[in-house]
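# Residue-level structure breakdown
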Amino acid sequence: MNDAFYMRLALDMASKAKGQTEVNPVVGCVVVKEGRIVGLGAHLKRGEGHAEVHALQMAGSEAEGATVYVTLEPCSHYGRTPPCCERIIEAKAARVVVACLDPNPQVAGRGIARLRESGIEVDVGLLEAESLAMNEAFNKYITTGLPFITLKTAMTLDGKIAAKTGDSRFVSGPEARERVHTMRHQHGGIMIGVETALADNPELTTRLSVPGLHPVRIVVDSQLRLPLDSRLLQDASIPVILLTTSGAPAEKRAALEVKGVSIITCGPGPRVDLAYGMKKLGEREIASVLLEGGGRLNGSMLELGLVDKIILFMAPKLIGGQSPEAFTFSGFDRMADAIPLKNMVLEQIGDDVCISGYPVYATVQAEQTRNKP
């Protein structure tokens, strides 16, 4: 066993709470004294004790002289809870191993500095990449105020998301669908276009073998065509947000608001200003959005450079015909201009293949080209 062993344990604990902490990061902490684990903790809920607090409470007096492994820099400011770095100092820990610095401007190295000022040995950077990836949504939100957008789609081998009749139940297999419901549990919002809402009449809830958290349901609906008897509107305990335009019918807007729907006007139309919509979602503290749109919404979000991550489930099927495709947009004249994905991961889930990666947009590509020697 070594430092990496204990940090991996802390990362594993943190990852299990993904989706529970709202706009806060997921964090894990392990306290080790003379080769024994004496404290374990994870941040479980916004506004409640952070991982370090839980782990140090478990360790008690054995925290003195111990090593504290934590996946994110201990906070140094007063928010909803007191600073964790002060709690570590009070516990008289001898050493702190931190996976990565906190990108929050209120912390950003101050926690590390405070610990070192108090005579505590601090090492930073162990399994940094893993920690950053785990909190990719938080990292974007805390620095930009915008939600992290994950585009999820399922397609056949010939790139279709439904049959030519519009039937899409089901493109992917049960294992892949279960993974998607776990992803819903882990995101603050789930977004579709009104065409998908009209065609499928979905609930957009999390359905797992155990209870899961339900994301805020978001529909891009420029003319407020969502029916008042939609399944999305049957459970008022799960919020619904419609992104629309000022040209939408006032009577329909009033009727939807009576049913508890929040409506955000995103430009004069005829189409919703999606960039503005993402800004308004961020202002409502929705830090992550799972985009489960049809081809047009997926394509529009990609064209605007609003998608941060793509997760594509490919089923071993061929459907043919003039069937709906996963991405519908104007396209590029040259293959060299296509949007590439970086940091690709391929995984088999049941009979399906899951491909995930991060889109690199033209502005980024152009900048990289300019910087080449």
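## What to know about the sheet that holds strand 13 (residues 341–349)
- With mixed pairing, nine strands are arranged side by side in an open sheet as 10-9-8-7-11-6-12-14-13. Edge strands, defined here as strands with exactly one partner in the open sheet, are strand 10 (262–265) and strand 13. The average angle at which neighbouring strand axes cross in this sheet is 20 degrees, direction not considered.
- Direction of pairing for strand 13 relative to strand 14 (residues 352–359): antiparallel, over a ladder of seven bridges. Across the sheet, Val 345 pairs through a bridge with Ser 356, a residue of strand 14.
- On top of the sheet, helix 6 (residues 136–144) reaches strand 6 (148–155), strand 11 (288–291), strand 12 (309–314) and strand 14; it is set at about 140 degrees to strand 6, its chief contact.

## Quick look at the packing of aromatic side chains
- In the structure shown here, the tally under the stated rule is three aromatic pairs.
- When the centroid spacing of 5.3 Å and the interplanar angle of 35 degrees are considered together, the rings of Tyr 6 and Tyr 69 count as tilted. With a gap of 63 residues between them, Tyr 6 in helix 1 (residues 3–15) and Tyr 69 in strand 3 (residues 67–70) connect regions that are remote in the sequence.
- Look at Tyr 69 and you get buried, because its relative accessible area is 4%.
- Residues Phe 329 and Phe 332 carry aromatic rings whose centres are separated by 6.0 Å and whose planes lie at 75 degrees to one another, so their mutual orientation is edge-to-face.
- Exposure remark for Phe 329: the relative accessible area of 28% places this residue in the partly exposed category.
- By relative accessible area, which is 43% here, Phe 332 ends up partly exposed.
- Among the aromatic residues, those joined into a cluster by ring pairs are Phe 5, Tyr 6 and Tyr 69.
- Lying across the ring of Phe 170, Arg 177 places its NZ or CZ 3.9 Å from the centre.

## With respect to the environment of Asp 351
- Within the fold, Asp 351 resides in the loop between strand 13 and strand 14.
- For the pair Asp 351 and Ile 149, spaced 202 residues apart in sequence, the C-alpha separation works out to 26 Å.

## A few points about helix 6
- Of all the residues in helix 6, the buried ones are Glu 136, Phe 138, Asn 139 and Tyr 141.
- Looking at the buried residues of helix 6, the elements they touch are helix 5 (128–134), strand 6, helix 10 (274–283), strand 12 and strand 14.
- Immediately downstream of helix 6, the backbone of Gly 145 shows phi near 80 degrees, a positive value.

## Points about the sheet that holds strand 5 (residues 121–124)
- With mixed pairing, five strands are arranged side by side in an open sheet as 2-1-3-4-5. Whereas interior strands pair on both sides, the edge strands pair on one side only; in this sheet they are strand 2 (36–42) and strand 5. Mean inter-strand twist for the sheet, computed between neighbouring axes without regard to direction, equals 15 degrees.
- Pairing between strand 3 and strand 4 (residues 95–98): four bridges, direction parallel.

## Points about the confidence of the model for the chain
- For the chain, mean pLDDT is 94; residues scoring 70 or higher make up 97% of the total.
- Note on residues 364–373: pLDDT is under 50 here. Beyond four places in sequence and across chains, it has four contacts.

## A look at the packing of helix 3 (residues 84–91) against helix 4 (residues 110–117)
- In contact at an axis separation of 9 Å, helix 3 and helix 4 are set at 20 degrees when each is read in the N-to-C sense. In terms of orientation, helix 3 and helix 4 fall into the roughly parallel class. Crossing geometry of helix 3 relative to helix 4 is assigned as right-handed. The residues of helix 4 that touch helix 3, namely those facing Cys 85, Glu 86, Ile 88 and Ile 89, are Gly 111, Arg 114 and Leu 115.
- Residue classes in the contact of helix 3 with helix 4 are distributed as four nonpolar, one polar and two charged.

## A few points about the pattern of salt bridges
- Following the criterion strictly, the structure yields 21 salt bridges and no others.
- Measuring nitrogen to oxygen at the nearest pair gives 3.0 Å for the salt bridge that ties Asp 123 to Arg 95. With a gap of 28 residues between them, Asp 123 in strand 5 and Arg 95 in strand 4 connect regions that are remote in the sequence.
- For Arg 95, a relative accessible area of 17% corresponds to the buried category.
- For the salt bridge of Lys 152 with Glu 292, the shortest nitrogen-to-oxygen distance reads 3.6 Å. Highlighted residues: Lys 152 in strand 6 and Glu 292 in the loop between strand 11 and helix 11 (295–303), separated in sequence by 140 residues. An identical accessibility class is assigned to Lys 152 and Glu 292; each is buried.
- One continuous salt-bridge network, built from bridges that share partners, spans Asp 3, Arg 95, Glu 121 and Asp 123.

## Overview of the packing of helix 2 (residues 51–59) against helix 3
- As a packed pair, helix 2 and helix 3 sit with axes 9 Å apart at the nearest point and diverge in direction by 20 degrees. What the angle tells us is that helix 2 and helix 3 run roughly parallel. Handedness of the crossing formed by helix 2 with helix 3: left-handed. Along its contact with helix 2, which presents Glu 52, Val 53, Leu 56 and Gln 57, the element helix 3 presents Cys 84, Arg 87, Ile 88 and Ala 91.
- Taken together, the residues that form the contact of helix 2 with helix 3 break down as five nonpolar, one polar and two charged.

## Quick look at the pairing of strand 10
- Strand direction decides the pairing type here: strand 9 (residues 240–244) and strand 10, joined by four bridges, are parallel. In the strand pairing of strand 10, Leu 243 is matched with Ile 264.

Reading guide: rules and limits
Within each chain, residues carry numbers counting from 1 in the order of the written sequence. Where totals are concerned, whole chains, interfaces and linings use all residues; where local detail is concerned, this predicted model gives features only for residues with pLDDT of at least 70, and gives and counts side-chain atom pairs only at 80 or more. Only heavy atoms go into the side-chain values, all of them from the structure, while hydrogens and water stay out. Each pair of strands is called paired provided DSSP finds at least two bridges between the two strands. Per the convention used, a helix needs a DSSP run of H or I reaching at least four residues, while a strand needs a run of E reaching at least two, with both numbered from the N terminus. Axis definition: a line fit to C-alpha positions, over the contact stretch in the case of helices; interaxial angles, taken between N-to-C directions, run 0 to 180 degrees. Note on contacts: a residue pair qualifies if any of its non-hydrogen atoms lie within 4.5 Å across the two residues. Stacked, tilted and edge-to-face are the three classes applied to pairs of Phe, Tyr and Trp rings, where Trp contributes its six-membered ring and a pair requires centres within 6.5 Å; stacked means planes under 30 degrees apart, edge-to-face means over 60, and tilted covers the rest. We call a residue buried when its accessible area falls under 20% of the maximum for its residue type, exposed when it is over 50%, and partly exposed in between, using a 1.4 Å probe and counting protein chains only. Any Lys NZ or Arg CZ found within 6 Å of a ring centre and within 35 degrees of that ring's normal is scored as a charge over the ring. Values of pLDDT, ranging from 0 to 100, describe the predictor's confidence in every residue of the model. The labels follow the angle: roughly parallel below 35 degrees, roughly antiparallel above 145, roughly perpendicular from 65 to 115, and oblique for the rest. Crossings are assigned a handedness: left-handed for a near helix turned anticlockwise from the far helix by less than a right angle, right-handed for a clockwise turn. Amino acids outside the nonpolar list (Ala, Val, Leu, Ile, Met, Phe, Trp, Tyr, Cys, Pro) and the charged list (Asp, Glu, Lys, Arg) are all regarded as polar, and Gly is one of them. A side-chain nitrogen of Lys or Arg and a carboxyl oxygen of Asp or Glu constitute a salt bridge if their distance falls within 4 Å.

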